[in-house]
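Here is how the chains run, residue by residue.
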Amino acid sequence: NMEKALSLVLHTVTKFEGISCGGIYLLDFPSEGLNLICHRGLSSEFVAHISHYDKYSDRVHLVMQGRPVYLSYSQLTVNKNSVLCKENLRAFAMIPLYHYQEVIGCINVASHTVDTICSAVRNDLEVIASQIGNMVLRLLAEEKVRKRDEQLNVKTLHLEEVNTALKILLKK
């Protein structure tokens, strides 16, 4: 399933030099907001705070620009008493996920130990992100087909029950 596949990707990238945590967001097409699909290495309080960004938020605007962003957390405007500050993150990367030329989400990673993400890791993250988009759309299509099959099976069972009931009624 989607969450499991993305969790495996996230598990892999959090093993990269300097990366200790992260999350993968996908665009919710009806609302155009971003939903956190999976995360790793983050506190539950932090996750609750970052689990969704609405369409008009600065984060969604940044993602929809379609360019990777690499910052130290000191470069982000963060209230010193906020949940974001309490997480003690030092470096941050946001890499958009594409399907063809459409942004469909992003992978966010961060570090508790280094102030910048090295260029080799940046390259690796961008290569991985370039592959995730196609995987996500394929998994979404498979999920849609699976749901339609389930719906069709339920309808088939109901029709069989109606057919059986009609046969019984017609014999009387």
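So, how was this worked out
- Residues numbered from 1 in each chain as written.
- Predicted model: local features only at pLDDT ≥ 70, side-chain atom pairs only at ≥ 80, totals over all residues.
- Heavy atoms only, no water.
- Helix = DSSP H or I, 4+ residues; strand = E, 2+ residues; numbered from the N terminus.
- Rg over C-alpha atoms; globule rule 2.2 N^0.38 Å.
- Contact = heavy atoms within 4.5 Å.
- Areas by Shrake-Rupley, 256 points an atom, 1.4 Å probe, with all protein chains shown as cover.
- Lys, Arg positive; Asp, Glu negative; His and termini not counted.
- Charge placed at Lys NZ, Arg CZ, Asp CG, Glu CD.
- Disulfide = S-S within 2.5 Å.
- 1 Å grid on protein atoms, 1.4 Å probe; cavity = no way out; pocket = protein on both sides within 12 Å on 5 of 7 lines; lining within 4 Å.
- Points joined across faces, edges and corners; volume = space filled by probe spheres on them.
- Nonpolar A, V, L, I, M, F, W, Y, C, P; charged D, E, K, R; others polar.

J.: Just checking my understanding: could you explain the overall build of the protein for this structure?
T.: Along the protein, the regular secondary structure elements total 5 helices and 6 strands. From first element to last, N terminus to C terminus, the protein shows the α and β order α-β-β-α-β-α-β-α-β-β-α. The C-alpha atoms of the protein give a radius of gyration of 22 Å, which is well past the 16 Å a tight globule of 172 residues would have. Dimensions of the protein, computed from C-alpha atoms along their principal axes, come out at roughly 80 × 35 × 30 Å. The contacts of the protein with a sequence gap of at least 6 include a subset with a gap of at least 24, amounting to 57%. Summed over all atoms, the accessible surface of the protein reaches about 10900 Å², with 54% contributed by carbon and sulfur. Distance between charge centroids for the protein: 5 Å, based on 19 positive and 18 negative side chains.

J.: Just checking my understanding: could you explain the state of the cysteines for this structure?
T.: For the coordinates displayed, the defined rule picks out 0 disulfides. Here Cys38 is not cross-linked by a disulfide; its sulfur's nearest cysteine counterpart is in Cys106, at 11 Å.

J.: I'm lost on empty space enclosed by the protein in this one. Help?
T.: Rolling a probe over the atoms, with the probe sized like a water molecule, indicates the empty space that remains. One pass over the full model with this rule turns up 2 cavities of 30 Å³ or more. Approximately 140 Å³ is the volume attributed to the largest cavity. As for the largest cavity, its lining consists of 17 residues, of which Phe46, Ile50, Tyr73, Phe92 and Asn108 are closest to the centre. At the level of secondary structure, the elements contributing two or more residues to the lining of the largest cavity comprise β1 (21–28), α2 (44–50) and β6 (102–111). A class-by-class count of the residues in the lining of the largest cavity yields 13 nonpolar, 3 polar and 1 charged. The set of elements that each furnish at least two residues to the lining of the second largest cavity consists of α3 (58–64), β5 (91–99) and β6. In terms of residue class, the lining of the second largest cavity is made up of 8 nonpolar, 1 polar and 1 charged.

J.: Got a minute to help me understand the side chain of Glu87 in this structure?
T.: When you line up the elements, Glu87 lands in the loop between α4 (83–86) and β5. When near neighbours in sequence (up to four residues on either side) are disregarded, Glu87 contacts Gly41, Leu42, Ser43, Phe46 and His112.

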